[in-house]
Amino acid sequence: MPEILDFTEVLEFKKAIDEKYGLYVHFHDACGGQYFSFDETKDGVQQYAKEYFSVKNLLPVFAEDGLSFTLERIEIC
């Protein structure tokens, strides 16, 4: 099930990506859920996103093109 972030968490992630990679992160929030997208990608961005969200027990699930992703909760037993 996709995870929902509050806007403060979204802004923190957008700032982190901008500072580290100079990329703008689009945030899409609709009744169908939330997802993030990039206009382009750079080496290391996907891995950084995985590490960034892992501390919140979240996993970015990227589309095949690597330009968009949703977040899913990591179940810890």
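Residues numbered from 1 in each chain as written. Predicted model: local features only at pLDDT ≥ 70, side-chain atom pairs only at ≥ 80, totals over all residues. Heavy atoms only, no water.

## Thoughts on the overall build of the chain
Note the following rule: Helix and strand definitions follow DSSP, with helices as H or I runs of at least four residues and strands as E runs of at least two, each counted in order from the N terminus. Here the globule rule is a power law, 2.2 Å times the number of residues to the power 0.38, and the radius of gyration is based on C-alpha atoms.
Across its full length, the chain holds two helices and four strands. In the chain, the succession of helices and strands from N to C terminus is α-β-β-α-β-β. In terms of C-alpha radius of gyration, the chain reaches 12 Å, essentially the compact-globule figure of 11 Å for 77 residues. Structurally, the chain occupies a C-alpha span of about 35 × 30 × 25 Å along its principal axes.

## With respect to helix α1 (residues 7-21)
The criterion, for reference: Working rule for helices: expected span equals 1.5 Å times residues minus one. Each residue is placed in one exposure class: buried if its accessible area under a 1.4 Å probe, protein chains only, is under 20% of its type's maximum, exposed if it is over 50%, and partly exposed if it falls in between. To be clear, the arc concerns the directions from the helix axis to the C-beta atoms. Working rule for contacts: check all heavy atoms of both residues, and any pair within 4.5 Å makes them a contact. Throughout this description, a polar contact denotes any pair of N or O atoms lying within 3.5 Å of each other; where both atoms belong to protein, one of them has to be capable of donating a hydrogen while the other can accept it, and for residues adjacent in sequence the pair is counted only when both atoms sit in side chains.
In a regular helix each residue adds 1.5 Å, so 15 residues correspond to 21 Å; α1 covers 21 Å between its end C-alpha atoms and thus fits that length. Three or more residues of α1 are buried, namely V10, F13, K14, A16, I17 and Y21. Buried residues of α1 fall within an arc of 160 degrees about the axis and therefore sit on the same side. Facing away from the buried side of α1 by over 90 degrees, the exposed positions are F7, T8, K15 and E19. Contact partners of the buried residues in α1: β1 (25-30), β2 (33-38), α2 (45-54) and β4 (68-73). Where α1 begins, one side-chain oxygen reaches toward the backbone nitrogen of T8, 3.0 Å away; that side chain belongs to D6.

## So, a nonpolar patch on the surface
Basically, it comes down to this: Excluding any residue in a salt bridge, patches collect residues exceeding 30% relative accessible area, merging like charges within 9 Å and nonpolar Val, Leu, Ile, Met, Phe, Trp and Tyr side chains within 5 Å. Reported accessibility uses the Shrake-Rupley method at a 1.4 Å probe radius. Residues are deemed covered only where the shown protein chains occlude them. Definition used for salt bridges: Asp or Glu carboxyl oxygen within 4 Å of a side-chain nitrogen of Lys or Arg.
Residues L59, V61, I74 and I76 make up a contiguous nonpolar surface patch of about 320 Å² in total accessible area. Structurally, the position occupied by I74 is in the segment after β4.

## Brief notes about the pairing of strand β3 (residues 58-62)
As a reminder of what qualifies: Strand pairing is defined by DSSP finding a minimum of two bridges between the two strands.
Only one face of β3 is buried, namely the one carrying L58, P60 and F62, since none of L59 and V61 on the opposite face is buried. Relative to β4, β3 runs antiparallel, the two sharing five bridges. When the bridges of β4 are listed, L58 appears paired with R73. Between β3 and the antiparallel strand that follows it, β4, lie five residues; G66 among them carries a positive phi value of about 75 degrees.

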